[in-house]
Amino acid sequence: MNKPVITKECVKPLLDTKFVKVFDLQYAEGRHYYDATRRSLDQLTAIKSDEEFNTMQPDAATVYTILLSKDSEPRMLLHYEYRYPIGRFMISPPAGLIDPEDRSAEEPLIVTAKRELFEETGLTVKDEDRVFVVNPLVFSTPGMTDECNGLVCVIVNNFDEKALSQANCESTECFDGFCLVTKEEALKMLRDGRDPRGNFYPAYTWMALSYFVSDEWKRV
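All values derive from a computational prediction rather than experimental measurement.

S.K.: What is the right way to read the overall build of the protein chain from this model?
M.R.: When helices and strands are tallied, the protein chain shows four helices and ten strands. Counting helices and strands in the order they occur from the N terminus, the protein chain gives β-β-β-α-β-β-β-β-α-β-β-β-α-α. Computed over the C-alpha atoms, the radius of gyration of the protein chain is 19 Å, within 12% of the 17 Å expected from 2.2 N^0.38 for a compact globule of 220 residues. Projected onto its principal axes, the C-alpha positions of the protein chain cover 65 × 40 × 35 Å. Evaluated residue by residue, the protein chain yields a buried proportion of 40% over its 220 residues. Put simply, 57% of the contacts in the protein chain that link residues at least 6 apart link residues at least 24 apart. Across the protein chain, the mean location of the 26 positive side-chain charges is 4 Å away from that of the 37 negative side-chain charges.

Right, here's the structure in full:
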């Protein structure tokens, strides 16, 4: 089968709301594929040229937060956030959308990561901490959406557990505490496929745990 070519003229809007849109990608006569997305029609990934695709920005940042302190081995910071489509608290790394005003910043992912880390955990990135991009863009589930996140690592030095807070979350967000995971605990979660409460968890959590136990963060 030849590669389908999807142009703007092939796209039919089906749903348009503030936070999600659905488009019918009519890639051939009588052939339809559906895309649930946060993007407007002009910004859909499917209609981008190769050059536009390779320079596009993600929708959000996921923050791999690694905590270093004198009194403890390195730990990864995860938290429990209520996920409405699943109806449960899911263990996951901090994450959030890139604000429109941040897209013109020199490093939009870094700006977003710092803001989301503060809002969801109370931690403020200091000069002694390290912040870097792990991956500029990964797609979530490209079989049904073009949603994508950039992966950012924040290494917090001299971590003080008293600084943790979920008081700054936005109105739609609902949290239920933190989980500070050691390397051995992370390996157990990877082997079990479940969090310490016995629940399944998101793919982004699996990715964060895998990066943590790989020790790649030590080599950057």
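The discussion continues.
S.K.: Is there a simple way to think about a nonpolar patch on the surface in this case?
M.R.: Together, L14, L15, F19, V20 and Y34 make up a nonpolar patch on the protein surface, roughly 480 Å² of accessible area in all. With respect to the element layout, L15 can be found in strand 1 (residues 11-16).

S.K.: Any chance you could explain the sheet that holds strand 2 (residues 21-28) here in plain terms?
M.R.: Adjacent strands of a sheet form backbone hydrogen bonds with each other and so pair up, either parallel or antiparallel. Pairing is antiparallel in the open sheet, where three strands are placed in the order 1-2-3. Each edge of the open sheet is held by one strand with a lone partner, namely strand 1 and strand 3 (31-37). Mean inter-strand twist for the sheet, computed between neighbouring axes without regard to direction, equals 20 degrees. Here five bridges tie strand 1 to strand 2, and the two strands are oriented antiparallel to one another. Looking at strand 2, one finds that D16 is bridged to K21.

S.K.: Please clarify how the side chain of T112 should be interpreted in this entry.
M.R.: Checked against the element boundaries, T112 lands in helix 2 (residues 108-121). If near-sequence neighbours (up to four positions away) are discounted, T112 is found in contact with A61, G96, L97, I98 and D102.

S.K.: How should I be thinking about the packing of aromatic side chains in this particular structure?
M.R.: Each pair of aromatic rings is reported with the distance of its centres and the angle of its planes. Under the defined criterion, the tally for this structure stands at five aromatic pairs. Ring geometry for Y82 versus Y84: centroids 5.1 Å apart, planes at 80 degrees, classification edge-to-face. The interplanar angle of 25 degrees and the centroid separation of 6.2 Å between the aromatic rings of F212 and W217 together place this pair among those described as stacked. Overall, the relative accessible area of 2% leaves F212 in the buried class. For W217, a relative accessible area of 5% gives the class buried. Ring-pair connections join several aromatic residues into one group, and the members of that group are Y82, Y84 and F89. Cation over ring: R197 sits above Y80, and NZ or CZ is 3.5 Å from the ring centre.

Rules of the game
Residues numbered from 1 in each chain as written. Predicted model: local features only at pLDDT ≥ 70, side-chain atom pairs only at ≥ 80, totals over all residues. Heavy atoms only, no water. Helix = DSSP H or I, 4+ residues; strand = E, 2+ residues; numbered from the N terminus. Rg over C-alpha atoms; globule rule 2.2 N^0.38 Å. Buried < 20%, exposed > 50% of the residue type's maximum accessible area, 1.4 Å probe, protein only. Contact = heavy atoms within 4.5 Å. Lys, Arg positive; Asp, Glu negative; His and termini not counted. Charge placed at Lys NZ, Arg CZ, Asp CG, Glu CD. Patch = residues over 30% accessible without salt bridge, like charges linked within 9 Å, V, L, I, M, F, W, Y side chains within 5 Å. Areas by Shrake-Rupley, 256 points an atom, 1.4 Å probe, with all protein chains shown as cover. Salt bridge = Lys/Arg side-chain N within 4 Å of Asp/Glu carboxyl O. Pairing = 2+ DSSP bridges. Axes fitted to C-alpha atoms, helices over the stretch in contact; angles between N-to-C directions. Phe/Tyr/Trp six-rings, centres within 6.5 Å; stacked < 30°, edge-to-face > 60°. Lys NZ or Arg CZ within 6 Å of the ring centre and 35° of its normal.

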